[in-house]
Amino acid sequence: MNFSALRNGEMRQYSRAMRYPTSSKLFQTAKQLIPGGVNSPVRAFRNVGGEPFFVRRAKGSRIEDIDGNSYIDYIGTWGPAILGHAPMSVINAVHEAAKNGLSFGIPNVLEVEMAQMITSWVPSVEKVRMTNSGTEATMSAIRLARGYTKRDKIIKFDGCYHGHSDSLLVAAGSGALTHGEPDSAGVPAVFAAQTIVLPFNDREAVSQAFATCGDEIAALILEPYPANAGLILPQPGFLAFLREITAQYGTVLIFDEVMTGFRLGKAGVQGLEGITPDLSCFGKVIGGGLPVGAFGGKAEIMDYLAPLGPVYQAGTLSGNPLAMVAGITQLHELEKSGAYETLDAIGARLQSGVEALFLKKGIPFRFNRVGSLFCLFFTDQEIINLESVKTQDMEMFRKLFWALLDKGIYIAPSPYETGFLSLAHSNDDIDFTVDAMESALGEI
Ligand SMILES: *Cc1c(COP(=O)(O)O)cnc(C)c1O
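Along each chain, residue indices are assigned from 1 in the same order as the chain's sequence is written. Reporting in this predicted model follows two pLDDT cut-offs: at least 70 for local features of residues, and 80 or more for side-chain atom pairs to be given and counted; totals over whole chains, interfaces and linings ignore these cut-offs and use all residues. Excluding hydrogens and water, the side-chain figures rest on all heavy atoms present in the structure.

## Observations concerning the sheet that holds strand β3 (residues 70–73)
Okay, step 1: Here we have four strands laid out as an open sheet, ordered β1-β2-β3-β13, and mixed in their pairing. Among the strands making up the open sheet, the edge pair consists of β1 (55–59) and β13 (409–410).
Okay, step 2: Sheet analysis places strand β2 (residues 62–65) next to β3, joined by three bridges and oriented antiparallel. Bridge pairing links Arg-62 to Ile-72 in β3. When DSSP finds two or more bridges between a pair of strands, those strands are recorded as paired. Runs of H or I in DSSP of at least four residues are treated as helices and runs of E of at least two as strands, each being numbered from the N terminus.

Here you go:
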C-alpha cells in the first residue's frame, strides 16, 4: 500500500456504488496488521455490522474520510474536541511549544500552570497528578484509595466505564458492552472478586453492600452522570446519598469525570450537583485532543502518592509539554464568557428538533441530554440504569446509523455511546441533521 498517497488523499476512488471503497481496501490491510484492524475496539463498527472509514482530516464540526466523504461529526474524538476539531488556538500553541522540545522527563512550567487551572476550576481538587489517559487516572485513583484506607474492595456501578484496568473491567460500559463481553478474559477472578458491582440509582443495593462489608470498602467509584451506556442521569438525591454513606464508612468517593469534567461546566458534574467527592478523575477535554488524564482531590489523600507517600504511581510522558499546552489552551477558550451557555443552546436546539420529529412520527423514544452530551434511545422506558438502556430497539439504531452516514451525519457506531456537541456545531449543522434524520426515518 502507498501509505503516503493515502494520507494525502491522492488515492481517492469515489464511487456511489460503495460508501467508501478506499477505506474498505485499507481496512483489509489493517486487519492483517492490527487485531481487528483497530487500536480501540469501538472503532471497529462491530455493533452496527460494518467496517469503519479511515479519517484523513477533521476541522470544526466536520470529519473527512480518505474517499473524500465529509460528515458532520457527533463524536468529537469521543469527547476531547469540545471546541470542534483542530482549533487554530490549540494548534498554534502546540506548534510553538514543540519548538522548545517534545518531552523533557523533568519538571516544566506548563505542568504547574495546568495544576493551578484544574485546582481553581474544581474546588474539591486540592492537589492533582497528570497521567497519559483516563484509564491511568482511574486505575491510579483506585490504588491510592486502597493505599490510603488499607482496604481492598471497591464498589462500581453496572454500565459505568472507567477505562480498561483489571479491577474496573467488571460489568463495564462503552466498548466492553458493545462486544457483549463485560468481563474481559485475562482479568484474574481474584481481582474481579474485589469489585462489587451494583445497579445505578439503586440506594437499597448500596445500603446493603455497606451493611454487609462497609469497613472493607476502599472506594466507591462512579460516573456521576454515566455516559458510557447511553446517557443515564442520577435520580434526585442519589449522589448526595452516596456522599453521605461513603463518609459514614470512611470509603473514598471517586467521581470519574473523564467524560463530564470541563465539558458540563467549569467544575463538571460535581459543580452542577454541589457534591464534593474525595477524588476525581479527568481526561478527554483537558488534553485538547492529546493523550492526557489526571486525578486529584483532597491533599491529605493525594499526599499518599510517591514520592511523599507509599502508593507508587509514575509516567515517563506524564505532564508532557505538548499535551499540557493543548489542554491549557483549550481550557482558556472554554473560560471565555458564554462558552458553556452556547454549548447548552446548541444541545437544546438539537433536542427540540429531534423530539418534535419523533413525536410527529409517533416513534417511542427517550432523549437524554445535559449541555453538550446527548443520547437518543429507541425505547419508551425511563432510562435509570443499564437494564433500562438495554430495552432499546437495537435493529432500529443500526438502520438509523447507516442511513444517517449516507446523508453525511456521523453518530457513534453503537447504541451504548453518548453523542458529543462542540462549539463548532452551527445552527445549520443542527437543522441539517434533524432534516437528515427525518428522511432517514422515512427510509428505515
Ligand atoms: C473515556 C473514559 C475513561 C477512559 O479514558 P481513556 O483515556 O480512554 O483511557 C474512563 N472513564 C470515563 C468515564 C470515560 O469516559
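Back to the text.
## Focus: the site of the ligand
Okay, step 1: Here a residue counts as near a molecule or strand whenever at least one of its heavy atoms sits within 4 Å of it. Around the ligand, the structure places Ser-133, Gly-134, Thr-135, Tyr-161, His-162, Gly-163, Glu-223, Asn-228, Asp-256, Val-258, Met-259 and Lys-284.
Okay, step 2: For the purposes of these results, a polar contact is taken to be a pair of N or O atoms within 3.5 Å, where, inside protein, one atom must be able to donate a hydrogen and its partner to accept one; residues adjacent in sequence count only when each atom of the pair is a side-chain atom. The separation between a nitrogen atom of the ligand and a polar main-chain atom of Tyr-161 is 3.2 Å.
Okay, step 3: For the ligand, whose free accessible area comes to 380 Å², the fraction covered by protein is 84%.
Okay, step 4: Grouping the amino acids of the shell around the ligand by side-chain chemistry returns three nonpolar, six polar and three charged. All accessible areas in this document rest on Shrake-Rupley with a 1.4 Å probe, and a residue is counted as covered only by the protein chains that are shown. Under the convention adopted here, Pro, Cys and the residues Ala, Val, Leu, Ile, Met, Phe, Trp and Tyr are nonpolar, Asp, Glu, Lys and Arg are charged, and Gly plus all remaining residues are polar.

## Things to note about the sheet that holds strand β10 (residues 293–297)
Okay, step 1: Ordered in space as β4-β10-β9-β8-β7-β5-β6, the seven strands form an open sheet in which the pairing is mixed. Both edges of this open sheet fall to β4 (127–131) and β6 (195–198), since each of them pairs with a single strand only. Going from strand to strand, the sheet's axes swing by 20° on average, the running direction of each strand aside.
Okay, step 2: Direction of pairing for strand β9 (residues 279–283) relative to β10: antiparallel, over a ladder of five bridges. Across the sheet, residue Leu-279 finds its bridge partner in β10, namely Gly-297. Between the N-to-C directions of two axes lies an angle of 0 to 180 degrees, each axis being a line fitted to C-alpha atoms and, for a helix, fitted only over the stretch in contact.

## Focus on the nonpolar core
Okay, step 1: Within this scheme, the nonpolar core is defined by two criteria: the residues are buried Ala, Val, Leu, Ile, Met, Phe, Trp, Tyr or Cys, and they are joined through side-chain atoms within 4.5 Å. To sort residues, take the accessible area from a 1.4 Å probe on protein chains only and compare it with the maximum for the residue type: under 20% means buried, over 50% means exposed, and anything in between is partly exposed. Among the nonpolar cores identified, the biggest contains 80 residues, and Phe-157 and Phe-358 are the most heavily contacted of them.
Okay, step 2: Here this core takes eight residues from helix α15 (residues 394–406), the largest share from any one element.
Okay, step 3: Looking at which domains feed residues into this core, each of domain 1 (3–73 + 338–443) and domain 2 (89–335) gives three or more.
Okay, step 4: Contact between two residues is taken to exist if any of their heavy atoms lie within 4.5 Å; hydrogens are not considered. The contacts of Phe-358, once residues within four sequence positions are left out, are Ile-363, Phe-365, Leu-376, Phe-378, Met-437 and Leu-441.
Okay, step 5: In this structure, Ala-97, Met-130, Phe-282 and Val-292 belong to the second largest nonpolar core, which totals 32 residues. These domain limits were set by an automatic method or by a database of domain assignments.

## A look at the pairing of β1
Okay, step 1: Taken together, the four bridges between β1 and β2 define a ladder with antiparallel strand orientation. Bridge pairing in β2 places Ala-58 opposite Ile-63.

## A word on the pairing of β3
Okay, step 1: Connecting β2 to the antiparallel partner β3 that follows it, the hairpin turn spans four residues, and Gly-68 within it adopts a positive phi of roughly 95°.
Okay, step 2: As paired strands, β3 and β13 are joined by two bridges and run parallel to one another. By the bridge assignment for β13, Asp-73 is matched with Tyr-410.

## Digging into the domain arrangement of the protein
Okay, step 1: Partitioning the protein into domains gives domain 1 (3–73 + 338–443) and domain 2 (89–335).
Okay, step 2: Averaged C-alpha coordinates put domain 1 and domain 2 at centres separated by 27 Å.
Okay, step 3: On the domain 2 side, the residues contacting the 28 residues of domain 1 number 29 residues.
Okay, step 4: Here the quantity called buried area is the total loss of accessible area, with a 1.4 Å probe, experienced by two parts when brought into contact, counted for both. Taken over both partners, the interface formed by domain 1 and domain 2 buries close to 2,400 Å², and the fraction arising from carbon and sulfur atoms is 64%.
Okay, step 5: Interface area lost by domain 1 to domain 2 is led by Tyr-340, Val-370 and Leu-386, which between them contribute 28%.
Okay, step 6: Take a side-chain nitrogen of Lys or Arg and a carboxyl oxygen of Asp or Glu: if they are within 4 Å of each other, that pair is a salt bridge. Our enumeration of links across domain 1 and domain 2 arrives at zero salt bridges.
Okay, step 7: One can count nine residue pairs in polar contact (both at pLDDT 80 or more) joining domain 1 with domain 2.
Okay, step 8: Looking at the side of domain 1 that touches domain 2, the elements that each hand over two or more residues are α13 (339–361), β11 (366–370), β12 (373–377) and α14 (386–389).
Okay, step 9: Of the residues assigned to the side of domain 1 that touches domain 2, the class counts are 18 nonpolar, six polar and four charged.

## Structural notes on α15
Helical geometry note: an α-helix holds 3.6 residues per turn, so side chains three or four residues apart project in the same direction.
Okay, step 1: A helix is expected to reach a length of 1.5 Å times the quantity of its residues less one. Here α15 contains 13 residues, and its C-alpha end-to-end distance of 19 Å stays within 8% of the 18 Å for a straight helix at 1.5 Å per residue.
Okay, step 2: For α15, the set of buried residues is Met-394, Phe-397, Leu-400, Phe-401, Trp-402, Ala-403, Leu-404 and Leu-405.
Okay, step 3: Looking at the buried positions of α15, the neighbouring elements they touch are β3, β12, β13 and α16 (427–443).
Okay, step 4: Immediately beyond the C-terminal end of α15, within one or two residues, lies Gly-408, with a positive phi of roughly 85°.

## What about the packing of α13 against α16?
Okay, step 1: α16 packs onto α13 with a crossing angle of 20° between their chain directions and a minimal axis gap of 10 Å. Our classification of the angle between α13 and α16 gives roughly parallel. Where α13 crosses over α16, the two elements pack in a sense that is right-handed. Every residue of α16 that contacts α13 at Ile-346, Arg-349, Leu-350, Gly-353, Val-354, Leu-357, Phe-358, Lys-360 and Lys-361 is listed here: Asn-427, Ile-430, Asp-431, Val-434, Met-437, Glu-438, Leu-441 and Gly-442.
Okay, step 2: When its residues are assigned to classes, the contact of α13 with α16 shows nine nonpolar, three polar and five charged. Roughly parallel means an angle under 35 degrees; roughly antiparallel, over 145; roughly perpendicular, 65 to 115; everything else is oblique. A crossing counts as left-handed when the near helix is turned anticlockwise from the far one by less than a right angle, and as right-handed when that turn is clockwise.

## Observations regarding the pattern of salt bridges
Okay, step 1: Overall, the coordinates contain 15 salt bridges when judged by the stated rule.
Okay, step 2: For Glu-216, the salt bridge identified is with Lys-153, shortest N-O distance 3.8 Å. One end of the pair, Glu-216, is in the loop between α8 (203–213) and β7 (217–222); the other, Lys-153, is in strand β5 (residues 153–157), and 63 residues separate them in sequence.
Okay, step 3: Its relative accessible area of 38% is what places Glu-216 among the partly exposed residues.
Okay, step 4: Using a relative accessible area of 18% as the deciding quantity, one classes Lys-153 as buried.
Okay, step 5: The partner of Glu-333 in a salt bridge is Lys-336, with the nearest N and O atoms 3.1 Å apart.
Okay, step 6: Residue Glu-333 is classed as partly exposed on the basis of its relative accessible area, which comes to 23%.
Okay, step 7: If you follow the salt bridges from partner to partner, you end up with Arg-56, Arg-57 and Glu-64 in one network.

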